[in-house]
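The primary structure of each chain is shown beneath.
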Amino acid sequence: MILTVDIGNTRIKGAVFEGNTQIDAFFFTKIDFRKKIENILKTHQKITDLVVASVGDVKKEPFLTFKKELNVHFISHEDPFPFSNDYETPLTLGIDRMVLAAGATFQFPDQNRLVIDAGTCVTFDFIDDINRYHGGAIAPGLRLRYESLHNFTAKLPLLTLESPKDLIGNSTSESIHSGVVNGLVYEIDGFIDEYRARYSNFIIILTGGDTDFLAKRLKNTIFANSNFLLESLNQTFQYKIKND
Ligand SMILES: Nc1ncnc2c1ncn2[C@@H]1O[C@H](COP(=O)(O)OP(=O)(O)O)[C@@H](O)[C@H]1O
Ligand SMILES: CC(C)(COP(=O)(O)O)[C@@H](O)C(=O)NCCC(=O)O
Ligand SMILES: [K+]
């Protein structure tokens, strides 16, 4: 049994896998994750490996204290990945994006694939049908857009995510909701349309904390799976065991 942990810039997520089957899932905070992992290990005593992918600013040390009970692995650029990498700066490529590209390759082999991860940032990652990773885009995520409008202006309030009532916002709040939500939805659909102009055929996977909110608003057909990163992390680890 494997405990996978994904440390993003907003949240820490975890899941327990037996083979390819997910049997439990958790959210952690930076403060409580050590205690929570201890409890998970008590509940699932067959866990042998702790597999971490991190782009957040969480220290490694608290995880390493589990080395007595478990094999602890931090997925890194040195691990084997099932694609060749055309990124000009492969060492600065987010490990979460590499894991997503790996998951897309395992779950949708031999196709052009676009992975969109709507988390703190919205990342786009493109892998072609001969398993070459090209790169993509990094844009601000939904919450980041609300926070930026507030933080970099004098007059705009900090709002929480809400569905805009209309395209045309008729108040400050409605203008912000339209700008943030409609703006991101049009942006994602626009990106997809531009990819389609270059590649006639590709599948699209949408993941991240804002998956469900965004999926129903996009005009394009996508595979929506908010758990895609943790599933991909489990598969990346299994690939590592086979290929190391
Ligand atoms: N409980 C929550 N706390 C914070 N953000 C949340 C929560 N639930 C959904 N979200 C949404 O998820 C996004 C962050 O997604 P997530 O995948 O957790 O990010 P990251 O992987 O970068 O940590 C935010 O834009 C926010 O709108
Ligand atoms: C772009 C990211 C900040 C996204 O992080 P997230 O939204 O998942 O928290 C992360 O993938 C990262 O730090 N990337 C490094 C730069 C790059 O991928 O080129
Ligand atoms: K992301």
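Residues numbered from 1 in each chain as written. Chains lettered and ligands numbered in written order. Predicted model: local features only at pLDDT ≥ 70, side-chain atom pairs only at ≥ 80, totals over all residues.

Going by an unreviewed UniProt entry, the protein chain carries the name Type III pantothenate kinase and comes from Flavobacterium fructosi. In UniProt, the protein chain has this text filed under Sequence similarities (unreviewed entry): "Belongs to the type III pantothenate kinase family." (UniProt positions renumbered as here; feature names shortened; annotations may be inferred.)

**Things to note about the site of ligand 1**
Near ligand 1, the surroundings consist of 13 residues, among which G8, T10, G119, T120 and G209 are the closest. Classifying every residue of the shell around ligand 1 by side-chain character gives two nonpolar, eight polar and three charged. Two domains each donate at least three residues to the shell around ligand 1, and these are domain 1 (2-74) and domain 2 (84-233). (Near = placed C-beta within 6 Å. Nonpolar A, V, L, I, M, F, W, Y, C, P; charged D, E, K, R; others polar. Domains from an automatic or database assignment.)

**Some details on the sheet that holds strand β8 (residues 121-127)**
In a beta sheet, neighbouring strands are held together by backbone hydrogen bonds and run either parallel or antiparallel to one another. Read from one edge to the other, the open sheet built from six strands follows the order β6-β9-β8-β7-β10-β11, with strand pairing classed as mixed. Two strands lie at the open edges of the sheet, namely β6 (84-85) and β11 (223-224), each paired on one side alone. (Pairing = 2+ DSSP bridges. Helix = DSSP H or I, 4+ residues; strand = E, 2+ residues; numbered from the N terminus.)

**Focus: the UniProt feature "binding site: K(+)" (unreviewed entry) in the protein chain**
Within this structure's numbering, the places UniProt gives as "binding site: K(+)" (unreviewed entry) are D117. With respect to the secondary-structure elements, D117 resides in strand β7 (residues 113-118). Look at D117 and you get buried, because 28 C-beta atoms sit within 10 Å. (Buried ≥ 20, exposed ≤ 12 C-beta atoms within 10 Å, placed from the backbone.)

**A word on the sheet that holds strand β4 (residues 49-54)**
The five strands lie next to each other as β3-β2-β1-β4-β5, forming an open sheet whose pairing is mixed. The outermost strands of the open sheet, each flanked by one partner alone, are β3 (21-28) and β5 (71-74). This sheet shows a mean twist of 20° between the axes of neighbouring strands, independent of strand direction. With six bridges joining them, strand β1 (residues 2-7) and β4 adopt parallel strand pairing. Counted as the bridge partner of V5 is V52 from β4. The strands touched by helix α1 (residues 33-43) within the sheet are β1, β2 (12-18) and β3, with β3 carrying the most contacts at an inclination of about 155°. (Axes fitted to C-alpha atoms, helices over the stretch in contact; angles between N-to-C directions. Contact = placed C-beta atoms within 7 Å.)

**Comments concerning the UniProt feature "active site" (unreviewed entry) in the protein chain**
Summarizing the sequence annotation, UniProt attributes the feature "active site" (unreviewed entry) to D96 in the numbering used throughout. Residue position: D96 is located in helix α3 (residues 95-107). The residues contacting D96, other than those within four sequence positions of it, are D6, G8, A53, V55 and L229.

**Considering the confidence of the model for the protein chain**
Across the protein chain, the average pLDDT comes to 97, with 100% of residues at or above 70. ipTM for the predicted complex: 0.98, alongside a pTM of 0.97. (pLDDT = per-residue confidence, 0-100.)

**Considerations on the pairing of β2**
For β2, the buried fraction is high: six of the seven residues fall into the buried class. Judged from the six bridges that link them, β1 and β2 form a sheet pairing that is antiparallel. Bridge assignment links I2 to a residue of β2, and that residue is F17. As consecutive antiparallel partners, β1 and β2 are separated by four residues. Pairing of β2 with β3, which is carried by seven bridges, proceeds in the antiparallel orientation. Bridge pairing in β3 places F17 opposite Q22. In this antiparallel pair of consecutive strands, β2 and β3, the connection spans two residues, and G19 shows a positive phi of 60°.

**Side note on the nonpolar core**
V52, V99, A101, I116 and L233 are the most contacted members of the largest nonpolar core, which totals 52 residues. Looking at which domains feed residues into this core, each of domain 1 (2-74) and domain 2 (84-233) gives three or more. (Core = buried A, V, L, I, M, F, W, Y, C linked by C-beta atoms within 7 Å.)

**Things to note about the domain arrangement of the protein chain**
Domain boundaries in the protein chain define domain 1 (2-74) and domain 2 (84-233). Look at where the C-alpha atoms of domain 1 and domain 2 centre, and you get two points 25 Å apart. Taken residue by residue, the interface counts twelve residues in domain 1 and ten residues in domain 2. Elements with a contribution of two residues or more to the side of domain 1 that touches domain 2: β1, β2 and β4. In terms of residue count, β4 provides more of the side of domain 1 that touches domain 2 than any other element does, three residues in total.

**Comments concerning the site of ligand 2**
In the region of ligand 2, 14 residues are neighbours, and N9, G94, G119, T120 and C121 sit closest. Contributions of two or more residues to the shell around ligand 2 are made by α3 and β8. A class-by-class count of the residues in the shell around ligand 2 yields four nonpolar, seven polar and three charged. For the shell around ligand 2, the domains that each give at least three residues are domain 1 (2-74) and domain 2 (84-233).

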